[in-house]
Amino acid sequence: MRLRIISVAAAAAALAVVQPGTAVAAFDPSTTLTFVVTSGALTMTVPVSAALGSGAPGTQVGAPIGPVTVTDLRALLSASWTVTASSTDFTNGPSTIPATSATYTPGTVTTTGTITVTPTSVTLSNSPQAVVTGSSGVGDNTATWNPTVAVALPAGAIGGIYTGTLTHSVA
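All values derive from a computational prediction rather than experimental measurement.

Asks: Sorry if this is basic, but what is going on with the overall build of the chain here?
Replies: For the chain, the count of helices and strands is one helix and 11 strands. Each helix and strand of the chain, ordered N terminal to C terminal, gives the series α-β-β-β-β-β-β-β-β-β-β-β. Looking at the chain as a whole, 27% of its 171 residues qualify as buried. Taking contacts inside the chain between residues at least 6 apart in sequence as the whole, the part at least 24 apart equals 74%.

Now the structure itself:
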């Protein structure tokens, strides 16, 4: 019986020497893998129109205008962008309330992805001014806010419906 145990152990040891191990041999082939991360554009969506309410001369009208969203699909290692806003003067036939009678307050900005945003409240004018900046972005990201636009109605304002155009731009 003792002879049989030694024979089985010797056979197992011989088999282990003959079996290939898990070590990688010098002739094992390898495969190089490649892929492409696609990139897109920097875009923005804004509301088509907004009603700011009504008020008497010498008061203020204003309301949130609806969501403004910047979508950055450029997939950059270091992304930044700036949103500007400007306004035309508000007109009612021959009556005008200057753009500088209006303020733009971005409010809270909600983001996705990696981006640091800085909102800035401004007095609107006919010239673009920075209202939200994005910095330190990595990869794709978005930012959304619902700005409030308020207009101080001059004491001498003439009654009627006034219309102006708020223009956003992102670069």
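Asks: What should I look at first to understand the confidence of the model for the chain in this one?
Replies: Do not read the predicted coordinates in detail wherever pLDDT is low. Chain-level statistics for the chain give a pLDDT mean of 90 and a share of 85% at 70 or above. With pLDDT under 50 throughout, residues 5–12 is counted as low confidence; its partners more than four residues away or in other chains account for zero contacts.

Asks: Got a minute to help me understand the layout of surface pockets in this structure?
Replies: A probe as big as a water molecule, rolled over the atoms, marks out the empty space that is left. In this structure, the largest pocket occupies an estimated 750 Å³ of space. Lining the largest pocket are 32 residues; nearest its centre among them are A50, L52, F90, Y162 and G164. Looking at the lining of the largest pocket, the elements with two or more residues in it are β10 (148–152) and β11 (166–170). Its residues placed into classes, the lining of the largest pocket shows 21 nonpolar, 11 polar and no charged.

Asks: Help me understand the sheet that holds β10 in this model?
Replies: Picture the strands of a sheet paired through backbone hydrogen bonds; they go either parallel or antiparallel. Strand order in this open sheet of four strands is β2-β10-β6-β8, and the pairing throughout is antiparallel. In this open sheet, the two edge strands, each paired with only one partner strand, are β2 (60–64) and β8 (122–123). Bridge analysis of strand β6 (residues 102–105) against β10 gives four bridges, and the strand direction is antiparallel. Note on β10: the bridge partner recorded for T103 is A150.

Asks: What is the right way to read unusual backbone geometry from this model?
Replies: A negative phi holds for most residues other than glycine; trans holds for most peptide bonds. One non-glycine residue with positive phi stands out, namely A75, at about 55°. Located in the positive-phi region is S136, a residue other than glycine, with phi close to 55°. Within the secondary structure layout, S136 lies in strand β9 (residues 129–145).

Asks: Looking at this structure, how should I read the nonpolar core?
Replies: One broad trend across soluble globular proteins is that nonpolar side chains are buried collectively. Counting residues in hydrophobic clusters, the biggest one holds 24 residues, and the most contacted among them are W81, V83, Y104, L124, V131, W145 and V151. Looking at this core, the elements that each hand over two or more residues are β3 (68–87), β6, β7 (109–119), β9 and β10. Here the element with the most residues in this core is β3; it accounts for five residues.

Asks: Looking at this structure, how should I read the pairing of β9?
Replies: Put simply, side chains in a regular strand alternate between the two faces of the sheet. Alignment of β3 against β9, held across 12 bridges, turns out to be antiparallel. If you follow V68 over to β9, its bridge partner there is W145. The sheet contact formed by β7 and β9 spans 10 bridges and is antiparallel. Along β9, the bridge assignment pairs T110 with T144.

Asks: Got a minute to help me understand the environment of P154 in this structure?
Replies: Tracing the chain through its elements places P154 in the loop between β10 and β11. The exposure class assigned to P154 is partly exposed, which follows from its relative accessible area of 31%. Remark: the alpha-carbon pair of P154 and A56, spanning 98 residues in sequence, is separated by 9.1 Å. Ignoring sequence-local partners within four residues, the contact set of P154 consists of P57, G58 and I97.

Asks: Whenever I open this one, the side chain of N92 confuses me. Can you help?
Replies: As for its position among the elements, N92 is in strand β4 (residues 90–92). If near-sequence neighbours (up to four positions away) are discounted, N92 is found in contact with I158, G159, G160, I161 and Y162.

The rules behind each value
- Residues numbered from 1 in each chain as written.
- Predicted model: local features only at pLDDT ≥ 70, side-chain atom pairs only at ≥ 80, totals over all residues.
- Heavy atoms only, no water.
- Helix = DSSP H or I, 4+ residues; strand = E, 2+ residues; numbered from the N terminus.
- Buried < 20%, exposed > 50% of the residue type's maximum accessible area, 1.4 Å probe, protein only.
- Contact = heavy atoms within 4.5 Å.
- pLDDT = per-residue confidence, 0-100.
- 1 Å grid on protein atoms, 1.4 Å probe; cavity = no way out; pocket = protein on both sides within 12 Å on 5 of 7 lines; lining within 4 Å.
- Points joined across faces, edges and corners; volume = space filled by probe spheres on them.
- Nonpolar A, V, L, I, M, F, W, Y, C, P; charged D, E, K, R; others polar.
- Pairing = 2+ DSSP bridges.
- Core = buried A, V, L, I, M, F, W, Y, C linked by side-chain atoms within 4.5 Å.

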